[in-house]
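# Fold and geometry: a report
Residue-level listing of the chains:
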Amino acid sequence: MKQPLAITVLCAGLALAPSIVGAQSKATAAQEYNSKTWSQEDAGRIVQEVRHRLLSLSNYSVFDSLSFGMQGRTIVLRGFASRPTLKQDAQRAVKDIPGVETVNNQIKVLPTSPMDDGIRIGVYRRIYTQPALRKYTGAPVGFGAAPSVALEAGGITADPPRGYHAIHIIVDHGHVTLTGVVDRESDANIASMQANGTPGVFSVDNEIVIAGQPSREKMD
């Protein structure tokens, strides 16, 4: 199973010409519009390349969630980054893709918070120690009796668990959002219940997608 990354294609609107406008004017308007967008072939290539580059970011962790869309020849980056460097690195990764003219970086950097870091640890442990959900990570679960220097100094955000995680955990001022892809709805429900039962959590928004079903993620 691949690391989750939402892809939403956003199309810039084209105002329809009034019926009294001549055919030549309509054709000119359509030509100008098409010159500001990609062909279907180019769009497919760019989507695959953007996705590959974002998933290849070394600092993209279980506590981040990225998505992207297209408006004209602009790549729109959205989602949540637990560290500012991820927002910057995501933009650098996609801006030089052939055909991309600009990048609109709307990724939200999550606030630094010891409380949120505690919730990240708690939700992570509760989700990935569940027998039904262990298959969604290739990383050993648990932070051990002797946490790393980075973990002690900067919290779990500074030293997140390494490896593949199908369920991503976003924490913002005690509010948790779960994203990613799982095999069945019961697994998504288990993850949500475990997050809800974590001390300190104010609310849980379950945006986990079931494989083979349409994404529930919103590009707000």
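Residues numbered from 1 in each chain as written. Predicted model: local features only at pLDDT ≥ 70, side-chain atom pairs only at ≥ 80, totals over all residues. Heavy atoms only, no water.

### Considering the overall build of the protein chain
When helices and strands are tallied, the protein chain shows six helices and nine strands. The buried share of the protein chain, reckoned over its 220 residues, is 45%. When contacts within the protein chain are restricted to residue pairs at least 6 apart in sequence, those whose partners lie at least 24 apart make up 71%. Summed over all atoms, the accessible surface of the protein chain reaches about 11600 Å², with 53% contributed by carbon and sulfur. (Helix = DSSP H or I, 4+ residues; strand = E, 2+ residues; numbered from the N terminus. Buried < 20%, exposed > 50% of the residue type's maximum accessible area, 1.4 Å probe, protein only. Contact = heavy atoms within 4.5 Å. Areas by Shrake-Rupley, 256 points an atom, 1.4 Å probe, with all protein chains shown as cover.)

### A short note on the packing of aromatic side chains
What the rule picks out here adds up to two aromatic pairs. Judged by centre distance (5.0 Å) and plane angle (45 degrees), the rings of Tyr124 and Tyr128 are tilted. Of the two residues, Tyr124 and Tyr128 are both situated in helix H4 (residues 114–128); the distance of four residues between them amounts to about one turn of the helix. When its relative accessible area of 1% is taken as the criterion, Tyr124 is described as buried. What makes Tyr128 buried here is its relative accessible area of 0%. Site record: aromatic cluster; members linked through ring pairs are Phe63, Tyr124 and Tyr128. (Phe/Tyr/Trp six-rings, centres within 6.5 Å; stacked < 30°, edge-to-face > 60°.)

### Side note on the pairing of strand E7 (residues 175–182)
When you tally the buried positions in E7, you get six out of eight residues, the bulk of the element. Inspection of the sheet shows strand E6 (residues 167–172) paired to E7 by six bridges, in the antiparallel sense. Across the sheet, Ile170 pairs through a bridge with Thr177, a residue of E7. Joining the antiparallel neighbours E6 and E7 is a turn of two residues, in which His173 adopts a positive phi near 55 degrees. Bridge count between E7 and strand E8 (residues 203–206): four bridges; the pairing is parallel. By the bridge assignment, Leu178 is partnered in E8 with Asn206. Each parallel crossover has a hand, and the one from E7 via helix H6 (residues 185–196) to E8 is right-handed. (Pairing = 2+ DSSP bridges. Right-handed = clockwise from strand over helix to strand, strands pointing away.)

### Regarding the side chain of His165
Of note, His165 is situated in the loop between helix H5 (149–154) and E6. Here Thr137 takes part through its side chain, which lies 3.2 Å from a polar atom of the side chain of His165. A polar contact of 3.0 Å, which involves the side chain of His165, links it to the backbone oxygen of Gly163. (Polar contact = N/O pair within 3.5 Å; in protein donor to acceptor, adjacent residues only side chain to side chain.)

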